[in-house]
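Fold and contact review
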Amino acid sequence: MSHAEATTVGLLHPGRMGGGFGGALAEAGHQVLWCRAGRSAATVRRAEEFGLAAVDDLAQLTARSDVIVSICPPHGAQQVAAAVAESGFRGLFLDANGTTRTVLLELAGKLSAADIRVVDGCVIGPCPQDAPGARLHLAGERDDVTRIISLFDGTGIRVLDTGGSLGAASALKTSYATYQKVAYVLAGIAFAYADAHGVIEPLVGEASLITRSPLTEVLEDGMLPSVASRAWRWGPELTQCADALREEGLPGDLADAAVRALERWLPVRDAFDGDTRRALDLLGGLL
């Protein structure tokens, strides 16, 4: 159990990543609430597995929570924040949705206008229930950042203060995702092309000379089905990355192209136990 004071945390929502974070907070001694309205049977099972406490609706969740943690697909971040702003909540809101800096500042403005304090966060690394090593980077007012750090005391999640103002953590996520996610997509395309021409073995040989390249991970660690299963989430995120790059006068074409490739993997949404052959066939348009 954490040495930090126990806090009631509202989690929006216990998806694969959010559920893992909620479970870590619950294990640290905090009460973690989640809203079951409109959620799937799989979400219910996940929430029960992680020891989260269900409430009927958002109004109950915000009324009982001191801190709200929002970890949802980035394209839903603004809708979630707007609902919280209208709920009467007056506590601390952690947005860890992988949004861009522009989106984060827009939703933070709406929340601040409703007297809700905001911490900007980004998650990098694996789901806590899958493997150790998840990092939560934070930005915002120092007292608020310190409070979020204290929540995770005693968990296996490493929490890091960027030292920046609101938007800094989201900018970090955009920077990281633009390389990391596109690199995995490119590695998958290279693998598919090599497969079509019977040169997988020499490709593996060349890739093995590069220390821990995304291509090596895709080939040797069975990452491709995992990447394909996340396409429905990564596509909207990379679309936002492309917009953010253009705002700085940088080309976003590569991210746009990756989004078009990811769309081919939509049929295997959340199929984490899928196989490489299926992922390759979908990438090649063999539906």
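It should be noted that the structure appears before, not after, this text.
Description of the structure in this document. (Residues numbered from 1 in each chain as written. Predicted model: local features only at pLDDT ≥ 70, side-chain atom pairs only at ≥ 80, totals over all residues. Heavy atoms only, no water.)

Here we look at the overall build of the protein chain
Note the following rule: Helical segments are the DSSP runs of H or I of at least four residues, strand segments are the runs of E of at least two, and each set is numbered from the N terminus. When we talk radius of gyration, it's over C-alpha atoms, and the globule rule is simply 2.2 Å times the number of residues to the 0.38. Three exposure classes are used, based on accessible area relative to the maximum for each residue type with a 1.4 Å probe and protein chains only: buried under 20%, partly exposed in between, and exposed over 50%. Charge convention: Lys and Arg are scored as positive, Asp and Glu as negative, and His as well as the terminal groups of each chain are ignored. Taken as the charge location is NZ of Lys, CZ of Arg, CG of Asp or CD of Glu.
Within the protein chain one finds 13 helices and eight strands. The C-alpha radius of gyration computed for the protein chain amounts to 20 Å, which stays within 12% of the reference 19 Å derived for 287 residues, consistent with globular compactness. In terms of its C-alpha atoms, the protein chain occupies a principal-axis envelope of roughly 60 × 45 × 35 Å. When burial is assessed residue by residue, the protein chain has 49% of its 287 residues classed as buried. If the 25 positive side-chain charges of the protein chain are averaged to one point and the 35 negative ones to another, these points end up 3 Å apart.

Some remarks on the packing of aromatic side chains
Basically, it comes down to this: Side-chain rings of Phe, Tyr and Trp (the six-membered ring for Trp) are treated as a pair once their centres are within 6.5 Å; stacked means planes under 30 degrees apart, edge-to-face means over 60, and tilted covers the remaining angles. Ring-over charges, as used throughout, are those where CZ of Arg or NZ of Lys falls within 6 Å of the ring centre and within 35 degrees of the ring normal.
Enumeration over the complete set of coordinates arrives at two aromatic pairs. With centroids separated by 6.5 Å and ring planes inclined at 40 degrees, the aromatic side chains of Tyr184 and Trp234 adopt a geometry described as tilted. Note that Tyr184 is positioned in helix H7 (residues 168-196) and Trp234 in helix H11 (residues 231-247), a separation of 50 residues in sequence. With respect to burial, Tyr184 and Trp234 carry one shared label: buried. In this arrangement the basic side chain of Arg16 is found over the ring face of Phe272, its NZ or CZ atom lying 4.0 Å from the centre. The cationic tip of Lys181 hangs over the ring face of Trp234; the distance from NZ or CZ to the ring centre is 5.0 Å.

A look at the pairing of strand E7 (residues 135-139)
Let me state the cut-off plainly: Strands pair, by our definition, only if DSSP identifies at least two bridges between them. Seen with the strands pointing away from the viewer, any crossover whose path from the first strand over the helix to the second strand runs clockwise is right-handed.
Counting buried residues along E7, four of its five residues qualify, which places the element largely inside the surrounding structure. Strand direction decides the pairing type here: strand E6 (residues 117-124) and E7, joined by five bridges, are antiparallel. When the sheet's bridge partners are listed, Ile124 is paired in E7 with Arg135. Of the strand pairs in this sheet, E7 and strand E8 (residues 158-161) are connected by four bridges, and their pairing is parallel. Pairing of Leu138 across the sheet is with Asp161, part of E8. In terms of handedness, the path from E7 via helix H6 (residues 142-151) over to E8 forms a crossover that is right-handed.

Let's talk about the environment of Cys127
What counts here: We call two residues in contact whenever any of their non-hydrogen atoms come within 4.5 Å of each other.
In this structure, Cys127 sits in the loop between E6 and E7. Note on Cys127: relative accessible area 6%, which makes it buried. Once residues lying within four places of it in the same chain are set aside, the contact partners of Cys127 are Arg16 and Met17.

Considering unusual backbone geometry
Residue Leu12 is joined to His13 through a cis peptide bond whose omega torsion reads 5 degrees. For Asp115, which is not a glycine, the phi torsion comes out positive at approximately 65 degrees. Looking at where Asp115 falls in the secondary structure, it is placed in the loop between helix H5 (101-113) and E6.

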